[in-house]
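Structural characterization, general
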Amino acid sequence: MMKITFVQTGGTIDKDYPKSTKGWAFEIDTPAVERIIPKLNPTFDYEIISVLKKDSMEITDDDRLLLRGRCDTLDCDKIIITHGTDTMGDTASALMNIERKTVVITGAMRPERFSNSDADINLGMAIAAVQTLDQGVYICMHGRVIPAEKVDRNMQTG
């Protein structure tokens with residue numbers, strides 16, 4: 001049976017309301033994938049691992065090296081990384097030459113916990129994409145799948 005490994009790095013998709021009293025900033029907690037996947041009644045095997053729990057603006061080059069190393073050592077050849085939208089292009093570039101794997105990076109503009117979140121649709125598209133694309137690194141957002149080498153984010157339109 002096909003297997004997909006979901007890798008959490010943080011970002012808006014995983015943001016949740018603060019657990020502390022008088023907290024105002026969102027916290028990154030359990031992977032949103034844990035709440036989305038059961039709704040699908042998946043017909044594939046999967047595992048969910050957490051490598052980082054950071055806002056993407058806080059992800060460093062060292063973090064990207066850690067993420068790349070983790071992807072390289074996974075025995076699975078289909079990987080979906082949930083990531084913040086601000087720097088997912090930087091991470092895609094850092095992962096571009098991973099061999100013998102299909103890596104799809106996705107996220108959300110609004111937290112999965114919000115009723116109007118785009119997390120479900122973006123993750124669903126990423127699941128379809130990782131099964132059908134050739135080996136390589138891609139970003140999947142807003143109904144589009146883009147090879148990493150062609151990513152160019154427009155900060156005014158998202």
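For the coordinates displayed, the defined rule picks out zero disulfides. You can see cysteine 71 has no disulfide; the closest cysteine sulfur is in cysteine 76, sitting 10 Å from it. Of the residues examined, cysteine 71 reaches a relative accessible area of 1% and is grouped as buried. Given a relative accessible area of 4%, cysteine 76 falls into the buried group.

Across the five residues that make up strand 6 (residues 102-106), a large majority, five, are buried. Along strand 6, one buried face is formed by Thr102, Val104 and Thr106 and the opposite face, lined by Val103 and Ile105, is buried too. Taken together, the five bridges between strand 5 (residues 78-82) and strand 6 define a ladder with parallel strand orientation. Residue isoleucine 80 lies in a different strand from strand 6, and its bridge partner there is valine 104. Viewed along the sheet, the connection from strand 5 through helix 3 (residues 88-95) into strand 6 turns out right-handed. The pairing of strand 6 with strand 7 (residues 136-141) spans four bridges and is parallel. Within strand 7, the residue paired with isoleucine 105 across the bridge is isoleucine 139.

So, on to the packing of aromatic side chains. Aromatic ring pairs: the centre-centre distance and the angle between the two ring planes describe each pair. Summed over the entire model, instances satisfying the criterion amount to five aromatic pairs. Ring geometry for tyrosine 17 against phenylalanine 26: centres 5.5 Å apart, planes inclined by 45°, an arrangement best described as tilted. Take tyrosine 17: its relative accessible area is 48%, and that puts it in the partly exposed class. Phenylalanine 26 sits in the partly exposed class, given a relative accessible area of 38%. Ring plane angle 65° and centroid distance 6.2 Å describe the contact between phenylalanine 44 and tyrosine 46, whose orientation is recorded as edge-to-face. Using a relative accessible area of 35% as the deciding quantity, one classes tyrosine 46 as partly exposed.

Further remarks concern the pairing of strand 5. Regular strands show a simple pattern: their side chains alternate between the two faces of the sheet. Extensive coverage of strand 5 is indicated by the burial of five of its five residues. With burial as the criterion, each face of strand 5 is covered, one bearing Lys78, Ile80 and Thr82 and the other bearing Ile79 and Ile81. Note that strand 1 (residues 3-10) and strand 5 share four bridges and pair parallel. Bridge pairing in strand 5 links phenylalanine 6 to isoleucine 80.

Attention now moves to the sheet that holds strand 8 (residues 144-147). Strand order in the open sheet formed by six strands is 4-1-5-6-7-8, with mixed pairing between adjacent strands. Two strands bound the open sheet, and with one partner strand each, they are strand 4 (45-54) and strand 8. The mean angle between the axes of side-by-side strands here comes to 20°, regardless of whether they run parallel or antiparallel.

Located in the positive-phi region is asparagine 41, a residue other than glycine, with phi close to 50°. For asparagine 41, the location among the structural elements is in the loop between helix 1 (33-40) and strand 4. When its relative accessible area of 62% is taken as the criterion, asparagine 41 is described as exposed. One non-glycine residue, histidine 142, adopts positive backbone phi at about 55°. Structurally, histidine 142 can be placed in the loop between strand 7 and strand 8. On the accessibility criterion, histidine 142 (47% relative accessible area) is partly exposed.

Calculation notes
- Residues numbered from 1 in each chain as written.
- Predicted model: local features only at pLDDT ≥ 70, side-chain atom pairs only at ≥ 80, totals over all residues.
- Heavy atoms only, no water.
- Disulfide = S-S within 2.5 Å.
- Buried < 20%, exposed > 50% of the residue type's maximum accessible area, 1.4 Å probe, protein only.
- Helix = DSSP H or I, 4+ residues; strand = E, 2+ residues; numbered from the N terminus.
- Pairing = 2+ DSSP bridges.
- Right-handed = clockwise from strand over helix to strand, strands pointing away.
- Phe/Tyr/Trp six-rings, centres within 6.5 Å; stacked < 30°, edge-to-face > 60°.
- Axes fitted to C-alpha atoms, helices over the stretch in contact; angles between N-to-C directions.

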